[in-house]
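# Descriptive analysis of the structure
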Amino acid sequence: MLKKYLFAAVFSIGLTGLNAQVDMEYWDHDSYLNIGGGMVMPGENLKSTSDMGFFAKNGYQINFDYNYIFGYGLGIGASVEYDQFKFDKEAFVEYADPEQMWVKGGYSSTKFGLNLVANIPIVVSKGNFAINFFGEFNAGLRGFNIPSIDLAYNEIVNKYVEVTYRSRSNTMGYLGYSGGLQFIFNDRIGINLSYNALLRSRHSVKYSVRMFDAADELYEEENYMNNFLEHTGFQLGIMFIFGKH
């Protein structure tokens, strides 16, 4: 189905390119819902394997984005996005040097934000096919969780024989943007291709540490890592358009 729509889009552009025109009133008082997903890539500090790095690897993201357009392609909206990064187990084993390690989950982040959106619609065939270039600025709140990690050590080489890391509640603000291209069919449904990015900003990520020594005595502490948590991603989605007659 996707290949069919993309072929139709390219074919239509080739046939009717001379008649295509920008129509800044195309979206007036209409709205659209975009449901998409794709690959997410951690920034340099998230994927770093140094002391302050997070050992994150590429993962996936899912996004729900709803926008209402007032006029001239400008509008506001809201978005929910879930990001999941894999954990670089091999690099962390080399760094922490345990005898055994167990990991559950990866790095996860859920965002709730507001959108400011601008569109440049190009009507290729009125009522049948249009192309929309769009850009969004996003701002909101973001949660962030680390994976659960359990390490086992030999008491001869380490003071603690068991060390566990657990995530704590982390909520922070974020700023980001996205932009891309949309193919719209029959003023009702479309395909969304986009790039998105979280702007570089430093945050503290809280976690707890539990440690047992050879005498089975428990030591507990709350700790945090302070670093930059930006990332980028690519998404493919489907659009549903509301308000067209």
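This text follows the structure it describes.
Predicted model only: the values in this text are computed from it and were never measured.

## Overview of the overall build of the chain
- Scanning the chain from terminus to terminus reveals 3 helices and 14 strands.
- For the chain, whose C-alpha radius of gyration is 23 Å, the value lies well above the compact-globule estimate of 18 Å for 245 residues.
- Projecting the C-alpha coordinates of the chain onto the three principal axes gives extents of approximately 80 × 30 × 25 Å.
- Sequence separation of at least 24 residues holds for 72% of the intrachain contacts in the chain that already meet a minimum separation of 6.
- Summing over all exposed atoms, the chain offers an accessible surface of approximately 13100 Å²; the carbon and sulfur share of this is 59%.
- Where the 19 positive side-chain charges of the chain centre and where its 26 negative ones centre are 7 Å apart.

## Things to note about the packing of aromatic side chains
- On inspection of all chains with the given rule, the structure shows 19 aromatic pairs.
- With centroids separated by 5.2 Å and ring planes inclined at 85 degrees, the aromatic side chains of F55 and F92 adopt a geometry described as edge-to-face. Linking F55 in the loop between helix 2 (44-47) and strand 3 (56-71) with F92 in helix 3 (residues 89-96), this pair joins segments that are 37 residues apart in sequence.
- Take F92: its relative accessible area is 9%, and that puts it in the buried class.
- Put simply, the rings of F54, F55, F87, F92, Y95, Y107 and F144 pair up and form one aromatic cluster.
- Here R200 stacks its cationic end above the ring of F228, 3.7 Å away from the centre of that ring.

## With respect to the sheet that holds strand 13 (residues 218-228)
- Taking strand neighbours across the sheet as the criterion, the 5 strands line up as 5-8-9-12-13 in an open arrangement whose pairing is antiparallel. Of all the strands in the sheet, the pair left with one neighbour each is strand 5 (100-104) and strand 13. For this sheet, the mean inter-axis angle between neighbouring strands, taken without regard to orientation, is 15 degrees.
- The pairing of strand 5 with strand 8 (residues 148-152) spans 5 bridges and is classified as antiparallel. Bridge pairing links V103 to I149 in strand 8.

## So, unusual backbone geometry
- Phi at D97 takes a positive value of approximately 55 degrees, unusual for a residue other than glycine.
- You can see D97 is positioned in the loop between helix 3 and strand 5.
- For D187, which is not glycine, the phi torsion reads 55 degrees and is therefore positive.
- Mapping D187 onto the fold places it in the loop between strand 10 (171-185) and strand 11 (189-198).
- D187 sits in the buried class, given a relative accessible area of 14%.

## A short note on the pattern of salt bridges
- The full count for this structure, using the stated rule, is 7 salt bridges.
- Between K47 and E44 there is a salt bridge; the shortest N-O distance is 3.4 Å. Of the two residues, K47 and E44 are both situated in helix 2; the distance of 3 residues between them amounts to about one turn of the helix.
- According to the relative accessible area criterion, E44 is exposed, its value standing at 55%.
- Ionic pairing is found between E220 and R210, a salt bridge with its closest N-O pair at 2.9 Å.

## A look at the side chain of N34
- Along the chain, N34 turns up in strand 2 (residues 31-42).
- Non-local contacts of N34, meaning those with residues more than four positions away in its chain, are made with N63, F64, D65, N192, G237, I238 and M239.

What counts and what doesn't
Residue indices begin from 1 for each chain and proceed along its sequence in written order. Totals for whole chains, interfaces and linings use all residues, but because this is a predicted model, local features are given only for residues with pLDDT of at least 70 and pairs of side-chain atoms are given and counted only at 80 or more. Excluded from the side-chain calculations are hydrogens and water; all other atoms, namely the structure's heavy atoms, are used. Per the convention used, a helix needs a DSSP run of H or I reaching at least four residues, while a strand needs a run of E reaching at least two, with both numbered from the N terminus. Radius of gyration means the value over C-alpha atoms here, while the globule rule gives 2.2 Å times the residue count to the 0.38 power. Contacts were defined at the residue level, with two residues in contact if any of their heavy atoms lie within 4.5 Å. For every accessible area listed, the method is Shrake-Rupley and the probe measures 1.4 Å; residues are considered covered only by the protein chains on display. Only four residue types enter the tally: Lys and Arg on the positive side, Asp and Glu on the negative side; His and the chain ends are excluded. The atoms used to mark charge sites are NZ of Lys, CZ of Arg, CG of Asp and CD of Glu. Side-chain rings of Phe, Tyr and Trp (the six-membered ring for Trp) are treated as a pair once their centres are within 6.5 Å; stacked means planes under 30 degrees apart, edge-to-face means over 60, and tilted covers the remaining angles. For the exposure calls, accessible area comes from a 1.4 Å probe over protein chains only, and a residue counts as buried if that area is under 20% of its type's maximum, exposed if over 50%, partly exposed in between. Our definition puts a charge over a ring when NZ of Lys or CZ of Arg is within 6 Å of the ring centre and also within 35 degrees of the ring normal. Only strands joined by at least two bridges in the DSSP assignment are considered to pair. Axis lines are fitted to C-alpha atoms, over the contacting stretch for helices. Their N-to-C directions set the angle, which ranges from 0 to 180 degrees. Each reported salt bridge corresponds to a side-chain nitrogen of Lys or Arg within 4 Å of a carboxyl oxygen of Asp or Glu.

Geometric values such as these leave the question of function open.
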